[in-house]
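Commentary on secondary and tertiary structure
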Amino acid sequence: MTSRLLQRSLGSPDYDGIRQALRDDTSTPVISVRGLEVRVAVLPLFTHDGRQAVRVSSTEPLTHVLVGVDSASGTDVTLLVPEVDAPRELTLECRDDAGVVGTAQVTVTPQRKWSVFVVHHSHLDIGYTDPQGTVLRHHLDYLDAALRLAEETASWPDDAKFRWTVESSMPALKWLDARPKEMVDSFAALARAGVIEVTALPFQLHTEACSTEELYRQLRFTARLERQYGFATRSAMHTDVPGAVVGLVDALSSAGVRYLAAAHNWAGRSVPYLHGGDKLTRPFRWRAPSGNEIIVWFTDTPHGMAYMEGNTVGLTDSYALADDLLPRYLSALATRGYPYGPGTFGWQGPDAPKEPYELDVLHLRVQGAHADNAGPSIVPASIARRWNEQWAYPRLRSAVNSDFFEHVEERYHDRLAVHEGDWTDWWADGLGSGARPLGYVRRAQSALRVAETLHTIAGVDATEQIDAAYDKVALFNEHTWGAANPWEDAEEAGDSGGLQWTRKSSGAYSAQDDAADLLHAATRRFAAALSESGTEGGALASFAVFNPGTWTRTDIVRAFLPRDVVGVDVPIALVDSRTGRTLPHHEEFVDPVDWPTRPIGRHVHAVVPDVAGFGYARVDVVPGESQAPEPVELDLSGVIENEFYRVAYDVREGYLSSIFDKRAGRELVNGDAAAGFGQYVYDQYATAPHFNHLSGHVGAHDRTLLGDRAIGRHATITEAKRTAVGEKLVVELSGKGVDWIRTTIELYHGVPRLDLTYQLAKQGTPAKEAVFLAFPFAAGRSTAWELTGGVGGPDVPRVPGSAEYMLPIRHWIAFEDPELTVAWATLEAPLVQLGTIHMPYAPFPPTLDQEDGTVYSWALNNIWDTNFPAQQQGETTFRYAVTSEAGVQGRRLGAAAASGLCEPFVGALITDSPDVSETYVSVDHPDVLVTSLGWDGVRLQSLAAEPVEVRVSMPGQQTVEVRLPACGVAVVRGTRQ
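What comes next concerns the included structure. (Residues numbered from 1 in each chain as written. Predicted model: local features only at pLDDT ≥ 70, side-chain atom pairs only at ≥ 80, totals over all residues. Heavy atoms only, no water.)

1. Points about the overall build of the protein
Helix and strand counts for the protein come out as 16 helices and 51 strands. Relative to the compact-globule value of 30 Å for 977 residues, the protein shows a C-alpha radius of gyration of 32 Å, a close match. Put simply, the protein has 977 residues, and 61% of those count as buried. Here the contacts in the protein between residues at least 6 apart in sequence split such that 73% fall between residues at least 24 apart. Accessible area for the protein stands at about 35,600 Å²; split by element, carbon and sulfur atoms hold 48% of it. In the protein, 85 side chains carry a positive charge and 126 a negative one; their mean positions are 3 Å apart. (Helix = DSSP H or I, 4+ residues; strand = E, 2+ residues; numbered from the N terminus. Rg over C-alpha atoms; globule rule 2.2 N^0.38 Å. Buried < 20%, exposed > 50% of the residue type's maximum accessible area, 1.4 Å probe, protein only. Contact = heavy atoms within 4.5 Å. Areas by Shrake-Rupley, 256 points an atom, 1.4 Å probe, with all protein chains shown as cover. Lys, Arg positive; Asp, Glu negative; His and termini not counted. Charge placed at Lys NZ, Arg CZ, Asp CG, Glu CD.)

Below you can see the structure in the form of structure tokens.
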């Protein structure tokens, strides 16, 4: 009794049920008498002597006769008929010992002659099934096994030889560095011969979490493999993650990669078929705005357990099971939009129309077992060998990934549909489950660009260290963010959630530390190089204030003046050496009584005007007549202002009630919006935690599962002051899900930007929750936003089936109308929802009326039940910026807002007096950004929707003219000093 009582969990679907659904959906009941049922399937199976197959199954053993053609006995039989080129009617008789049980007319129809490329690989989850180190060691063992299996099958027919595709290159790179020469030589020879293929991505990435430079750097090993081992990297695989950024096309193209096999683990959380996915044919040509293209094959769960569709049809199990299921699968592909019907996988099914698959060639992934991180097996190759002996078609080829694409490109290239734009990831919401470490990673991405630039200017090649730090950043952005059951804390297998998240999050913190170390070192080296070029001056000290953004701007600099350079009791003034003007400044002392563990001195804050992009201005520290003025306490009315904005905070309601643009004479806040500007919104969901894949089984067609919505309350102004550099307001609130919320609002004199900082003391809870910060602008819908490697917008093409209810951006969103452009930027939190807050369960219905001008920053959540952290806690910081200007394009203002937020001025302490200013690189097109200076050159990125010509100028070097494609990137050589 007990065994019948117990049921499987809601985790992975049951293969037996899926397979039976395929059998039922691809066969027709033709006889039904006295509880006996006979079903018939006409299948794309052809013998070498020119006959095709009809499969007959019965619930009891019978003799099945296609009258005048063929007969066989059993419950499942294959009857062969001469190949037809038009429908042919035949009579089926089914007999038992007593005689004819029943008869039926069967129509035998022409069938496709398929070529099936069976691509054997292992999906790399760095974690999930085991702690990360265990998983990686296993994958190195798999490569040992792949060499042995390749040798074992070397004499087999070519189509049946064991072939292995290394889905993620990281294990291959580690393996090549950890094996003896003879094994490495054997591996390289097999790779050159096309028996083993190393694909381009180092691991499976949340590409939307990557910066553009990071994405390109993660492909740098491809040149090493070709140079050192003599084989090219021709294709990439993108597995488990349902979507990828538009910048991936250009990044892969730059590495010489033309093909991408994507397999999207649908798992019920994404509904692409409801958002244009029915128009996404396979394969297709994915085109970037630059004009670069790659050919893409993709598989999602409705096509058969995503990246395990070959396992689903028996190619890991046995020849008999594959012989039963694979022809049915091919028949379903040829006749139905999806091979499996609604509900087959235990969650929402593909109930939208879709045209059947139209080609006669198929890319079919297979793994050595029914699991992630499964090793290689000889079974698929053995099945291919026996299959091709038995059947002429379908023809099975044990293939590497690029084999399929070369076949398709040669025969079908011009028939393939072309799709453009971002392929927005349906799983990007998982980024909100690790908000604090993600914030550290995003800060590191910005710091690394500046660190490399300053090292290069100082004449130091820091490429190796910068690359290593980027690798840590990317490893955090790898798609495995937790164990199969992340709430558990075992030491091994899928319950090792505590161990896995400890290692994962520590990588983010380590990456940020490395970036900070590199920036710290770069600043000192830059200062030393300037000091060496300078002459002794009359100043007590000087700062080279460096602007790491592309364009000239006025902004705040924060620099530290040590006590041993200038005594803290010595009054100082700051002088702009370019003009001789004194710059108002604010000082914050580090008192040894309060901070004995920190360097003693004073932090100096000043607004420095008109610092050229990728250049510095020298600010001299000279004796002052008196100490810097103390801050002036403002009244508690909640109002601060500068030349550009007047900002008012409503203490009673707990949000900014007004941001008034003085230049435009216009209010930026929509006062009639559902949420206040900067308001804390906390949602709780009526779903249970700690059930594997529960969120993939939950449907939400209305707001029923929205258990509670709360906002920040009891606001108190704790600080309101004016200093020599600007005005600041600090407000503390209480709210559900947190111990406290601290909002800091800052305006600086001469800086046309509002800075907002939110600090949350997050309480940990496994209950399903989400935190939003609302930003309702008095504007129409947003017109542009920054993506990794591109710019999106409501009228910019996207790949059909992309996620629509949320948007993962890099840093900025812009709103434009004829009178004013407004830009909003985020540093730590990339997830936004535009106009409303959606339920986080498919099909993701809205919970508020649409307001086109409102941005909801989806700061954090824990709505996933597997693969992502089950809860998060601790002090977490989110920074934002707002700016506005008339007559400027949204892309340009968005980039400016992000630069002020993410690329702060660097104050380098120098001991001598170099030139008053210097610019190290400049460009003459307003849509072209200099992202960094490296030892290899000047790195450029275009925001323009069309190709542009830009001139790049560097001191002492010839101006270089560069043509950049739309949203393209380039490297201009010649920055080494």
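There is more to say after this.
2. A closer look at the packing of aromatic side chains
Under the criterion given, the structure shown has 43 aromatic pairs. Relative to Phe-187, the ring of Trp-175 has its centre 5.0 Å away and its plane inclined at 35 degrees; by these criteria the two rings are tilted. You can see Trp-175 sitting in helix α4 (residues 169–176) and its partner Phe-187 sitting in helix α5 (residues 181–192), a full 12 residues away along the chain. With a relative accessible area of 0%, Phe-187 lands in the buried category. Summarising the aromatic geometry, the rings of Trp-297 and Phe-404 are spaced 5.3 Å apart at their centres and angled 70 degrees between planes, so their arrangement reads as edge-to-face. Residue Trp-297 is located in strand β13 (residues 293–300), and its partner Phe-404 is located in helix α12 (residues 401–412); the two are separated by 107 residues in the primary sequence. Using a relative accessible area of 0% as the deciding quantity, one classes Phe-404 as buried. Here Lys-504 stacks its cationic end above the ring of Phe-476, 5.6 Å away from the centre of that ring. (Phe/Tyr/Trp six-rings, centres within 6.5 Å; stacked < 30°, edge-to-face > 60°. Lys NZ or Arg CZ within 6 Å of the ring centre and 35° of its normal.)

3. Brief notes about the side chain of Asp-555
On the secondary structure map, Asp-555 appears in strand β18 (residues 553–562). At a separation of 2.9 Å, a polar atom in the side chain of Asp-555 contacts the side chain of Arg-553. There is a polar contact of 2.9 Å between the side chain of Asp-555 and the side chain of Arg-753. (Polar contact = N/O pair within 3.5 Å; in protein donor to acceptor, adjacent residues only side chain to side chain.)

4. Overview of the sheet that holds strand β22 (residues 601–611)
Spatially, β18-β22-β21 is the arrangement adopted by the 3 strands of the open sheet, whose pairing is antiparallel. Each of the sheet's edge strands pairs with one partner strand only, and the pair in question is β18 and β21 (585–590). For this sheet the average axis-to-axis angle between neighbouring strands, irrespective of direction, equals 25 degrees. Bridge analysis of β21 against β22 gives 6 bridges, and the strand direction is antiparallel. Directly across from Val-590, in β22, lies its bridge partner Gly-601. (Pairing = 2+ DSSP bridges. Axes fitted to C-alpha atoms, helices over the stretch in contact; angles between N-to-C directions.)

5. Remarks on a negative patch on the surface
On the surface, a cluster of negative charge is made up of Glu-488, Asp-489, Glu-491, Glu-492 and Asp-495. Relative to the helices and strands, Glu-492 resides in the loop between α14 (463–477) and α15 (497–533). (Patch = residues over 30% accessible without salt bridge, like charges linked within 9 Å, V, L, I, M, F, W, Y side chains within 5 Å. Salt bridge = Lys/Arg side-chain N within 4 Å of Asp/Glu carboxyl O.)

6. Digging into the state of the cysteines
Taken as a whole and judged by the stated rule, the model has 0 disulfides. Unpaired in terms of disulfides, Cys-902 finds its nearest cysteine sulfur in Cys-210, a separation of 16 Å. Judged by its relative accessible area of 7%, Cys-902 is buried. (Disulfide = S-S within 2.5 Å.)

7. A closer look at the side chain of Thr-424
Tracing the backbone through its elements, the reader meets Thr-424 in the loop between β16 (417–420) and α13 (435–457). Residue Thr-424 is classed as buried on the basis of its relative accessible area of 1%. Excluding residues within four positions of it along the chain, Thr-424 makes contact with Pro-242, Gly-243, Ala-244, Arg-798, Ser-802, Ala-803, Met-806 and Pro-808.

8. Examining the packing of α4 against α5
Packing of α4 against α5 brings their axes to within 10 Å, and their N-to-C directions diverge by 140 degrees. It follows from the interaxial angle that α4 and α5 lie oblique. Where α4 abuts α5, its residues Ala-172, Trp-175 and Leu-176 lie against Met-183, Val-184 and Phe-187. Of the residues in the contact of α4 with α5, the class split is 6 nonpolar, no polar and no charged. (Parallel < 35°, antiparallel > 145°, perpendicular 65-115°, else oblique. Nonpolar A, V, L, I, M, F, W, Y, C, P; charged D, E, K, R; others polar.)

9. With respect to the sheet that holds strand β26 (residues 645–650)
Overall, antiparallel pairing links the 4 strands, which are arranged β25-β26-β27-β28 in an open sheet. Each end of this open sheet is capped by a strand with a single partner; those strands are β25 (639–641) and β28 (666–667). Note that β26 and strand β27 (residues 655–661) share 6 bridges and pair antiparallel. Across the sheet, residue Arg-646 finds its bridge partner in β27, namely Phe-660.

10. Considering the pattern of salt bridges
This structure, assessed with the given rule, holds 60 salt bridges. A salt bridge links Glu-406 to Arg-234; the shortest N-O distance between them is 2.6 Å. Within this pair, whereas Glu-406 is found in helix α12, its partner Arg-234 is found in the loop between α7 (221–229) and β10 (235–239), the two being separated by 172 residues in sequence. Among the salt bridges present, the one from Arg-742 reaches Glu-732, with a minimum N-O distance of 2.9 Å. Taken together, the positions of Arg-742 in strand β33 (residues 738–748) and Glu-732 in strand β32 (residues 726–734) put the pair 10 residues apart, joining distant regions of the chain.

11. What about the pairing of strand β41 (residues 831–834)?
Summarising the sheet, strand β38 (residues 807–808) and β41 pair through 2 bridges and their orientation is antiparallel. Within the sheet, the bridge partner assigned to Leu-807 lies in β41 and is Val-832. Two elements, β41 and strand β42 (residues 854–861), share 3 bridges in a ladder whose sense is antiparallel. Counterpart to Leu-834 in the pairing with β42 is Val-855.

Bear in mind that shape data such as this cannot, by itself, settle questions of function.
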